[in-house]
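# Summary of the model geometry
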2 protein chains.
Amino acid sequence: MDTQTSAQTGGRSGLERFFAPRSIAVIGASANPAKIGARPLAALKTNGYQGQIYPINPNYDTIGGLPCYPSAQAVPGPIDLAIVSLPAPLVPEALRDCAQKGVAYAVVFSAGFAEAGPEGAALQREIERIVAESTLQVLGPNTAGAVFHHTAMVASFASTFMSPPVHQGSGIAFITQSGAFGVYVYNLAQQLGLVFDYYINTGNEAGLEVADFLEYLADRSEVRAVALYLEQVRDGTRFRRAAERCFRRGIPVIAVKVGRSAEARRAALSHTGALTGAEDVYDAVFRQSGVVRVDGIMELLELLDLVVKNAMPRGRRAGILTSTGGGGAWMTDLCRQAGLEVPEFVGPTREALEAVLPQFAAASNPVDLTGQMYTQRDLFRRCIAILARDPAIDALVLLSGGDPETVGVGVPETVVEASQSSDKPLLVAWVGAPDWFYRKLGAAGVPAFRDPAHCARALGSAADYATRRRDSHALSPRRPADLGIPRLRETLRSRAGADGRLLEHAAKQFLAQAGIPTAETRLADSADDAVAQAVALGYPVVLKVESPDLLHRSEAGGVILDLDSADAVRSAYGTVLDRARHYAPHARDLRVTVQPMLSGGVELLVGLSRDPTFGPVLTVGLGGVAAEAMRDYTVRVPPIDRREAREMIAKLRGSALLTGFRGGPPADVEAVIGILERLSALAEGLGDLLLELDINPLVVFAAGGGAVVADALVVIEAESP
Amino acid sequence: MDTQTSAQTGGRSGLERFFAPRSIAVIGASANPAKIGARPLAALKTNGYQGQIYPINPNYDTIGGLPCYPSAQAVPGPIDLAIVSLPAPLVPEALRDCAQKGVAYAVVFSAGFAEAGPEGAALQREIERIVAESTLQVLGPNTAGAVFHHTAMVASFASTFMSPPVHQGSGIAFITQSGAFGVYVYNLAQQLGLVFDYYINTGNEAGLEVADFLEYLADRSEVRAVALYLEQVRDGTRFRRAAERCFRRGIPVIAVKVGRSAEARRAALSHTGALTGAEDVYDAVFRQSGVVRVDGIMELLELLDLVVKNAMPRGRRAGILTSTGGGGAWMTDLCRQAGLEVPEFVGPTREALEAVLPQFAAASNPVDLTGQMYTQRDLFRRCIAILARDPAIDALVLLSGGDPETVGVGVPETVVEASQSSDKPLLVAWVGAPDWFYRKLGAAGVPAFRDPAHCARALGSAADYATRRRDSHALSPRRPADLGIPRLRETLRSRAGADGRLLEHAAKQFLAQAGIPTAETRLADSADDAVAQAVALGYPVVLKVESPDLLHRSEAGGVILDLDSADAVRSAYGTVLDRARHYAPHARDLRVTVQPMLSGGVELLVGLSRDPTFGPVLTVGLGGVAAEAMRDYTVRVPPIDRREAREMIAKLRGSALLTGFRGGPPADVEAVIGILERLSALAEGLGDLLLELDINPLVVFAAGGGAVVADALVVIEAESP
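What comes next concerns the included structure. Counting starts from 1 at the beginning of each chain's written sequence and moves along it residue by residue. The naming scheme follows written order: chains are lettered A onward, ligands numbered 1 onward. Only residues with pLDDT of at least 70 get local features here, since the model is predicted, and only at 80 or more are side-chain atom pairs given and counted; chain-wide, interface and lining totals rely on the full set of residues. In computing side-chain properties, one takes all heavy atoms of the structure into account and sets aside hydrogens as well as water.

### Focus on the overall build of chain A
The following threshold applies: Counting from the N terminus, the helices are DSSP H or I runs at least four residues long and the strands are E runs at least two residues long. Burial classification: accessible surface area is computed with a 1.4 Å probe over protein chains only, and a residue below 20% of its type maximum counts as buried, one above 50% as exposed, and the rest as partly exposed. Note on areas: Shrake-Rupley, 1.4 Å probe, and residue coverage restricted to the protein chains presented here.
Per the secondary structure count, chain A includes 26 helices and 30 strands. Taking the principal axes of the C-alpha coordinates as reference, chain A spans close to 95 × 80 × 40 Å. Going through the 721 residues of chain A one by one, you find that 58% of them count as buried. In the form shown here, chain A has an accessible surface area of approximately 27400 Å², with 50% of it arising from carbon and sulfur atoms.

Take a look at the structure:
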């Protein structure tokens, strides 16, 4: 699969050589320390880079004691990596020089490309051409560069990399689409004791993009987590595949994504297409590929810290120890808000706690040891040991506060020992201790927080990740049903109008062919024919008018429900046609359909649409105007399996309607799951052909009664002439 | 009004003397520094308390050089405040001693009361009796005490108060219902440079409670903000009144409230009663009385910091300056998520920016100055000056990062000067600077954040507060309509069943009497009578059966809609009665009502219920089972005005349904507002009599068409025999 991926992306091999280059050329190297071109030379030196360094600049013979060359091709030995620090107009020529020399990688600092108007964009297209026509791979332009501390590969001009990091080996890689902001985050992390081993700024992504690095890092044994600062993913499919690979290998990918507030919606013909925003799709992709989306830098770093400290829990169940009842109650609150469980202790744990706890303390969760937590170190240790043994607890949380030196003797040591004696993570939320306390715990591998809210949030996200990974192991492999895709393609092409639309009658035929139950829908040529069809279908029936020129037939009054006699059908036949003609006087191909009236079910809206980055998007929501006004829907990106389909339904705010609300029977959720799975397989099989598919409503009957499409619309890519 | 409040709460005067006592007695004083009873003596001394100190303990003649007395009554001079540090069983006697002595206030440290089982609860009731029967006011028991730094009144045993604070005068008062956790928070704040002037732990609240202190602090000129750590409010009305007083006086009250995850719902007969959780009511009370609810300690402290630094904005519009385009985009995102606006610059601001900005930077919001922000200090200063002049901007945000010493010369000085030159708040989100930078800005009064997310969140909350205050100035005074409350009371009493319920027919009569439009609803004695009534009302009509024993008549099939002929009515008459008898064979007083069929409107659910703490609660939600399943409703606590009523509707997730959704006409929101106002006045006027009122549905027609009650239920407090 990796080979295939490499082949698909233009024969790129891994980036081993990029991060461990034997030789680095600096094109535009300068002897003037004030110039950007002087910085990589200085950085490579101070960081202790061991390979060959070749300054390239026709104006110098030597720079900093190193022989200087007029061009890449003039360098005697091979060049693995070229750093390009030149004015934008000179960059393409330098890259051509590199390509001819057989340089493997170039990092282009220079700005003035796609970010800087049409001229720059033209220059960037030149770079893209060079990349396409050679084996040279390019990071940038407009990048602050890339750094890998293990090999002292510092291809960056950022001040922060001019001296070696205080320590390394965190196992954290950081890929950022913003150069300067990425450096700020790198700095903050360093201050908090987290040195990122990798810093990668992808800049304008004329060549290498986020997915390339994510893909590479997924297979690196030293990588324990990847932090992302994302503005926009370029190749959605590759990004998703790379993220999934990290997920499968247990490397958490934690992302800050700019754009949550963006409200751009796609113009779409269908309901579902119009419903889903681009950020919904990002959220779905992140969720499905195991990427944890966070909203702030502290949230990012605190979660990374849990990874680095081996403090990721196996599940959601927190056992809380506290020195304050009030604080313990709040911690419970915060944990629950963060999606954690705070289960009561039972069985041996309860008994063991009862045996060690003094009279004032109850063996309940949280365990409130009051101020005696500090003075009776043994009590604290024993409680930790008991909770650590409980198979019904996944993580321990200690909530306390005050000056640890004032409240008792050896508090940090006791906490560290307790943590080391437990194979479950122990997180410490300690309010109001001096700095040294957090540093001391941190240095000993115990995650320590000043704010209980941050502690609960980090643990909640970590538990989320753990649970998703656990569930993913339980998955049966995805096996799309054999839908007969070629035949379905044929149906779509033959029944679509010139605008690519299949109206209800045709759309339902297509869906039925794909194995999705639809309400039988018959065309009626006349009022008499309508009555005959109604008799054949059985009363009550629904009459609808359709025409390629009638987009909003409900608003036009072109649908009449619940007709229960021949007279009613006859009269309705004339009415819907009249109304359609009144609403859209020039509507072509007006036709009337007759179908059985479906009643007594819950109505859903189910659809497929297309996201420009990630391709097909599957949406489900409750039907009806109220649910639509409340924007109650969930989104996933195919392929999905039964578990995901079930979750799509469960995550609806109004999902209670499907599980037996106010005494009603539970609805046939299994039938809906089957349809969602089938639609997912359809979307995959039909690829770019299918633009939008709208089932509105899908009527879901009581459990065992199935679900039936009552109305549908399909839009395909109109054939190019 | 204050006099009245004092009178209502048992003649309590303000707490001036509590916080500025001329003399303090320590009952249970100890010479042994390891004992709790030694601590207040030590603390009063080290903090420099200037009044008289009287140790009280029959076992000593002197303690720490002070003469010691056997009882409060044995003390020669008056005692303003007594600190009680005795075993619980000895406390009542000590308090009686105090009461007889005429001591004004007692602070009871001792635990072992209501928090410790039935025996302790009995002891606490004894304290409550003493409070009721004397002029002694009690803080506690089970309290860590109270502190006011301005007078060195340190009535606490917490270690943190044993030495005087490094500085004071923040103007922040902190009231906490958790003693230990409150101290932790106090410590953390101190570390971040915020010394709370007041620390007040209310403990078990046998006497003084949170509202007492809130009320007092509202009138203190030195108080600039109140921080609350709340578990449960005791007297909802007084709390609300005190919070509103703070709000009117521009003293922000910022609360952490435990209990968000609590899912307790009240048992209720009506829909709305069952819908609303206790935390919804807290949220409503907070919102209406201007209390800002926060979820974490850092969030609390960061917002307090804005108050202390005079950095509260006047509105929601943020102007952003940044050194990084990527970071600026994210800051925009974060601001919008936090409810702020990031408006484009127009007019003179735009022109002025265009005149000073270099070519690379656009005069848009955020202004991206790139790294030149650091090197061109004048550019930065000019931009700040331009934005500071713009009347369309309420606050300035600077987003940057890195080591301020590396990136440029005099960066913090420039920022501080810029801040001082602007009369709008300037908030700095600086990622990755060393500690000294934040301290330096902080010391100069510039709020500085490490995480842009925290900065946006604090500014968003502050803007929320500012906007609410601005809107509250624009209010017309609340003037409940003259509803004829005595007559309405009479109707309720005379029409309610033994269980306090008024069924639909009676409930509608009551509502009509209160001036709320209802669908005319007539009783029918027979099928023929039903037809006659239907003819009189006009077809189509609805038939409903009612009986005090038929709670779920819809589920029983006891409602038939849309009857459009005499035959249909006649047949429905029998059907609803049959169904009712089948569903509830022993149902008494079965009656059938006839009313006009209301169609074409949007259905709302509107109701009043009773919260045990805060009294009447007004709820509005969208009607229909889908909306109910989605729990889409808003809650307010009467009295409300038109603005609040409008907001109740606007805050519904599905409010789009009322403003003309999918081409429909906008609904008569004004009519709904009128009804909500009237219900609010009703709730106020009827006081404890009204337990629940359920209008379900209220049918709202197109603008100008009004809103009509289609069904209703009322429950009143059953009369005591």
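Anyway, onward from the coordinates.
### A closer look at helix H12 (residues 325-337) of chain B
To keep it simple, the criterion reads: An expected span of 1.5 Å times one less than the residue number is assigned to each helix.
Along its 13 residues, H12(B) runs 18 Å from first to last C-alpha, staying within 8% of the 18 Å computed at 1.5 Å per residue. Gly339(B) lies just past H12(B) and shows a positive phi near 85 degrees.

### Some remarks on the nonpolar core
Put simply, the rule is: As used in this record, nonpolar core signifies buried Ala, Val, Leu, Ile, Met, Phe, Trp, Tyr and Cys residues forming a set joined through side-chain atoms within 4.5 Å. Throughout, a residue-residue contact means that at least one pair of heavy atoms, one from each residue, lies within 4.5 Å.
Among the nonpolar cores identified, the biggest contains 245 residues, and Phe18(A) and Phe239(A) are the most heavily contacted of them. With sequence-adjacent residues up to four places away left out, Phe239(A) is seen in contact with Val210(A), Ala211(A), Leu214(A), Leu228(A), Leu230(A), Val233(A), Val285(A), Phe286(A) and Phe614(A). Grouped together as the second largest cluster of nonpolar side chains are 106 residues, Leu488(A), Ala514(A), Ala707(B) and Ile716(B) included.

### Some words on the relation of the copies chain B and chain A
The line we're drawing: We superpose the copies by least squares over the C-alpha atoms of residues that have a pLDDT of at least 70 in both of them.
Taken as rigid bodies, chain B and chain A are interconverted by a rotation of 180 degrees and an axial shift of 0.1 Å, the fit giving an RMSD of 0.1 Å. The operation mapping one copy onto its partner corresponds to a two-fold rotation axis. Most of the interface of chain B is mirrored in chain A, where 100% of its interface residues again form contacts.

### Things to note about the packing of helix H7 (residues 210-218) of chain A against helix H8 (residues 236-248) of chain A
Residues and elements named next belong to chain A. Here is the rule we go by: Interaxial angles span 0 to 180 degrees and are taken between N-to-C directions of axes, which are lines fitted to C-alpha atoms, for helices over the stretch in contact. Comment on the angle field: the value is read as roughly parallel under 35 degrees, roughly antiparallel over 145, roughly perpendicular from 65 to 115, and oblique elsewhere. Put simply, a crossing is left-handed when the front helix is turned counterclockwise from the back one by less than a right angle, and right-handed when it is turned clockwise. Polar here means any residue outside two lists: the nonpolar Ala, Val, Leu, Ile, Met, Phe, Trp, Tyr, Cys and Pro, and the charged Asp, Glu, Lys and Arg; Gly therefore counts as polar.
At a closest axis distance of 8 Å, the pairing of H7 and H8 adopts a crossing angle of 20 degrees. Of the possible angle classes, the one that applies to H7 and H8 is roughly parallel. Considering only the axes of H7 and H8, their crossing is left-handed. In this structure, H7 contributes Val210, Ala211, Asp212, Leu214, Glu215 and Ala218 to the contact, and H8 contributes Arg238, Phe239, Ala242, Ala243, Arg245 and Cys246. Tallied by class, residues from the contact of H7 with H8 come to eight nonpolar, no polar and four charged.

### Some points on the sheet that holds strand E13 (residues 253-257) of chain B
Residues and elements named next belong to chain B. Stated formally: For two strands to pair, DSSP has to find at least two bridges joining them.
In space, the seven strands of this open sheet follow the order E9-E8-E11-E10-E12-E13-E14, with mixed pairing throughout. Because the sheet does not close on itself, it has two edges, and the strands there are strand E9 (153-156) and strand E14 (291-294). Across this sheet, the average inter-strand angle for adjacent strands is 15 degrees, counted without regard to direction. As defined by bridge partners, strand E8 (residues 145-148) adjoins strand E11 (residues 198-201) across three bridges and the pair is classed as antiparallel.

### A short note on the pairing of strand E28 (residues 690-700) of chain A
Residues and elements named next belong to chain A. Across the 11 residues of E28, nine count as buried, placing the element largely inside the fold. Two elements, strand E25 (residues 602-611) and E28, share six bridges in a ladder whose sense is antiparallel. When the bridges of E28 are listed, glutamate 603 appears paired with valine 699. Where E28 meets strand E30 (residues 712-716), five bridges bridge the pair, whose relative direction is antiparallel. Directly across from aspartate 694, in E30, lies its bridge partner leucine 713.

### What to know about the interface of chain B and chain A
We apply this condition: Joining two parts hides part of their accessible area as seen by a 1.4 Å probe, and the buried area is that hidden amount summed over both. Any carboxyl oxygen of Asp or Glu that lies within 4 Å of a side-chain nitrogen of Lys or Arg is treated as forming a salt bridge with it. Polar contact criterion, stated in full: a pair of N or O atoms within 3.5 Å, where within protein one must be able to donate a hydrogen and the other to accept it, and residues adjacent in sequence count only if both atoms are side-chain atoms.
Tallying the contact residues gives 65 residues for chain B and 66 residues for chain A. Taken together, the two surfaces of chain B and chain A that pack against each other cover about 4900 Å², and 61% of this comes from carbon and sulfur. On the chain B side of the contact with chain A, Tyr184(B), Trp330(B) and Met630(B) bury the most area, a combined 15% of that side's loss. Our enumeration of links across chain B and chain A arrives at zero salt bridges. Taken together, the connections running from chain B to chain A amount to 16 residue pairs in polar contact (both at pLDDT 80 or more). Elements with a minimum of two residues in the side of chain B that touches chain A: helix H6 (179-191), E13, helix H11 (297-308), H12, strand E17 (395-401), helix H19 (452-473) and helix H24 (625-629) of chain B. Looking at side-chain class alone, the side of chain B that touches chain A contains 29 nonpolar, 20 polar and 16 charged residues.

### Some words on the pairing of strand E15 (residues 318-322) of chain A
Residues and elements named next belong to chain A. A large share of E15 lies buried, amounting to five of its five residues. The alternating pattern of E15 places Ala318, Ile320 and Thr322 and Gly319 and Leu321 on opposite faces, both of which are buried. Note: E15 against strand E17 (residues 395-401), five bridges, orientation parallel. Paired with alanine 318 across the strands is alanine 395, a residue of E17.

### Details of the state of the cysteines
Two cysteines, two sulfur atoms, one covalent bond between them: this is a disulfide. What counts, and what does not: Any two cysteine sulfur atoms lying within 2.5 Å of each other are counted as a disulfide.
Under the definition given, this model contains zero disulfides over all chains. Take Cys383(A): it sits in no disulfide, and the sulfur closest to it among the cysteines is that of Cys335(A), at 17 Å.

### Points about the side chain of Glu222(A)
Residues and elements named next belong to chain A. By the element assignment, glutamate 222 lies in the loop between H7 and strand E12 (225-230). Of the polar contacts made by the side chain of glutamate 222, one reaches the side chain of tyrosine 198; its length is 2.4 Å. At 3.1 Å, the side chain of glutamate 222 and the side chain of arginine 220 are in polar contact.

### Overview of unusual backbone geometry
Cis geometry is adopted by the peptide bond preceding Pro366(A), which originates at Asn365(A) and carries an omega value of 0 degrees. Checked against the element boundaries, Pro366(A) lands in the loop between helix H13 (347-356) and strand E16 (367-368). The phi angle at Ala152(A) is positive, at roughly 55 degrees, despite the residue not being glycine. Tracing the backbone shows Ala152(A) in the loop between strand E8 (145-148) and strand E9 (153-156). What makes Ala152(A) buried here is its relative accessible area of 7%. Even without glycine at this site, Asp589(B) takes up a positive phi of about 45 degrees. If you trace the backbone, Asp589(B) turns up in the loop between helix H23 (566-583) and strand E24 (591-596). A relative accessible area of 56% means that Asp589(B) is categorised as exposed.

### A short note on the sheet that holds E9(A)
All names here are of chain A. Sheet architecture is open: seven strands sit in the order E9-E8-E11-E10-E12-E13-E14, paired in mixed fashion. The open sheet has two free edges, formed respectively by E9 and strand E14 (291-294), since each of these has just one partner strand. Taking each pair of neighbouring strands and ignoring which way they run, the sheet shows an average axis angle of 15 degrees. Relative to E12, strand E10 (residues 172-176) runs parallel, the two sharing five bridges. Across the sheet, residue phenylalanine 174 finds its bridge partner in E12, namely alanine 227.

### Quick notes on the packing of aromatic side chains
This is how it is decided: Working definition: a ring pair exists when centres of Phe, Tyr or Trp rings (six-membered ring for Trp) sit within 6.5 Å. Plane angles under 30 degrees give stacked, over 60 give edge-to-face, the rest tilted. Charge-over-ring contacts are defined here by two conditions on Lys NZ or Arg CZ: a distance within 6 Å of the ring centre and an angle within 35 degrees of the ring normal.
Counted under the stated rule, the structure contains 56 aromatic pairs over all chains. Pairing Trp430(B) with Phe437(B) gives two aromatic rings, centres 4.7 Å apart and planes at 50 degrees, and the pair type is tilted. Here a set of aromatic residues connected by ring pairs shows up, and it is made of Phe18(A), Phe19(A), Tyr105(A), Phe148(A), Tyr198(A), Phe213(A) and Tyr216(A). Taking the ring centre of Tyr282(A) as reference, the NZ or CZ of Lys257(A) above it sits at 4.2 Å.

### Examining helix H13 (residues 347-356) of chain B
Residues and elements named next belong to chain B. Definition in use: Within this analysis, the arc is defined by the directions that extend from the helix axis to the C-beta atoms.
Residues Thr349, Leu353 and Val356 constitute the buried set of H13. End-on view of H13: buried residues confined to an arc of 70 degrees, all on one side of the axis. Exposed residues lying more than 90 degrees from the buried face of H13 are Pro348, Glu351 and Ala355. Tucked into the core, H13 has its buried residues touching strand E16 (367-368) and helix H15 (377-389).

### Remarks on a positive patch on the surface
Put simply, the test is: A residue counts toward a patch only above 30% relative accessible area and without a salt bridge, and it is joined to like-charged neighbours within 9 Å or, for Val, Leu, Ile, Met, Phe, Trp and Tyr, to nonpolar neighbours within 5 Å. In this tally Asp and Glu are treated as negative and Lys and Arg as positive; neither His nor the chain ends contributes. Working definition for charges: the position is that of NZ of Lys, CZ of Arg, CG of Asp or CD of Glu.
A contiguous patch of positive charge on the surface is contributed by Arg631(A), Arg653(A), Arg631(B) and Arg653(B). Considering the arrangement of structural elements, one finds Arg631(B) in the loop between H24 and strand E27 (633-636). You can call Arg631(B) partly exposed: its relative accessible area is 33%.

Honestly, it's all geometry; don't read function into it.
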